[in-house]
Amino acid sequence: MVPSVYGLSTEPTVIITGYKISPDVILPNEVGTIEVTIANTAMQASKTATESVGSDEDPFAQSITVPVNAFIESATLKTTDFTVLSGWYQDIGEIGPGQSTTLTFLVQAPGREGLFFPEVWIRVRGAESVKYPIPVNVNTRHTLIKQPSIRLSRSIPGNITPGSFFDVTLGLQNEGLASAHDIIVEIITPNTSLSSQSPERQFIRELKSGDIKTVTLSFQSDNDIPIGIRQIPVRISYLNADGTRLIQNEQVGILIQGMGELGIAKQILDPEQVYLGDMFSLVCRIENTGTDKAKSVRATLDIPFDGTKEAFVGTIGPDNDAPAVFTLKATQAGDIPFHLTIRYKDDFGLHEEVIPLHVFVGEQNGSGMIIILVLVLLAGAGFLYWRRQRQP
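Residues numbered from 1 in each chain as written. Predicted model: local features only at pLDDT ≥ 70, side-chain atom pairs only at ≥ 80, totals over all residues. Heavy atoms only, no water.

Caption draft 1: Here's a closer look at the environment of leucine 152. With respect to the helices, strands and loops of the structure, leucine 152 is situated in strand E15 (residues 150–155). Between the alpha carbons of leucine 152 and glutamate 250 there is a distance of 8.0 Å; along the sequence they are 98 residues apart. Other than its neighbours up to four places away in sequence, leucine 152 contacts Leu170, Gly171, Leu172, Ile236 and Glu250. (Helix = DSSP H or I, 4+ residues; strand = E, 2+ residues; numbered from the N terminus. Contact = heavy atoms within 4.5 Å.)

Caption draft 2: Molecular detail of the sheet that holds strand E24 (residues 274–275). Spatially, 5 strands are ordered E24-E31-E30-E26-E28 in an open sheet, and the strand pairing comes out mixed. Of all the strands in the sheet, just E24 and strand E28 (310–316) have a single pairing partner and so form its edges. Pairing of strand E30 (residues 334–346) with strand E31 (residues 349–362) involves 13 bridges; the strand directions are antiparallel. Residue arginine 343 lies in a different strand from E31, and its bridge partner there is glutamate 352. (Pairing = 2+ DSSP bridges.)

Caption draft 3: Representation of the sheet that holds strand E12 (residues 119–124) within the structure. Ordered by their spatial adjacency, 4 strands build an open sheet running E9-E7-E12-E13, and the pairing between neighbours is antiparallel. Strands with a single pairing partner mark the edges of an open sheet, and in this sheet they are strand E9 (89–95) and strand E13 (130–133). Within this sheet the neighbouring strands show an average axis-to-axis angle of 25°, counted without direction. With 4 bridges joining them, E12 and E13 adopt antiparallel strand pairing. Within E13, the position partnered with tryptophan 121 by the bridge is lysine 131. (Axes fitted to C-alpha atoms, helices over the stretch in contact; angles between N-to-C directions.)

As structure tokens, this is what we get:
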């Protein structure tokens, strides 16, 4: 048996904590280096998860802890001005909680003077990627212009189902050295299956260096939205210190999860009329009216009869049904009440449905007595015929 882990908390976040340009001012066409320091912001070495232990038919859950390491898949320097001579990093490896590492890029400056902003792109497995502009002075006498830099964080509920309402909280933090003004947060709903219940344009007058503002947005998904990850585009625009409007495109990923919902579509008796002492079959067709698969479906009866009272059904897809078959012997007569208990799993865990049912059992089956009576009458008629033939 191999345990499975689900329900992990938010993945670790990697940020760029500092950079260094060598030399401080690079001459046109001169070669220099850009060093950046990246760090894992997680401060603890474990996070809570849920472990599913046991067989598929009878699992149970317990809490465990697993490490929170950030795996750096790649690091590149994106620029149209500089020539990157070396520094294309692939599969850098893991950075533990609170740890950091330094990456060095060897570049050749352009042939013209000015202030340039090549971007460092860090791709992290299972977490948000990082884009960070690095100001580089190429033989200009102007001091570096202080720039705002907005980082977007997301708080998303973990139980979004088709047809449900949910809120997404966005956090905007100015990590730059200057204030950002006239900030516009624009939401673009991707299709009709997901609609915004909040104004699609949010306005923030000013975000000073180090400040954080939150924006809460409400959405509704319809019943036909596909299961899986859906991306909501977010466009952030703001004015920097020199009045230039900067545009930042982000994505908010939400996970749509379906739920199984089981019930009884039909109850069938074979034979239709059951008498005391009869063997009979009870077939309960279990239907799934939910939005996702119901897995490890098992049905049990608490009926006071002898026979098979448990049936393993397996997986039932949405808008489908499957039979649970029981073979029983009627040991009591009358209107017998009982319960059908259905247990199953979906993405939200274990579920149980208890459905009240009943079956009517007659006192006795009279078909045998009728056959005996017919045989007696036939025998009597034959005897009278024989007597008459013997009489003179």
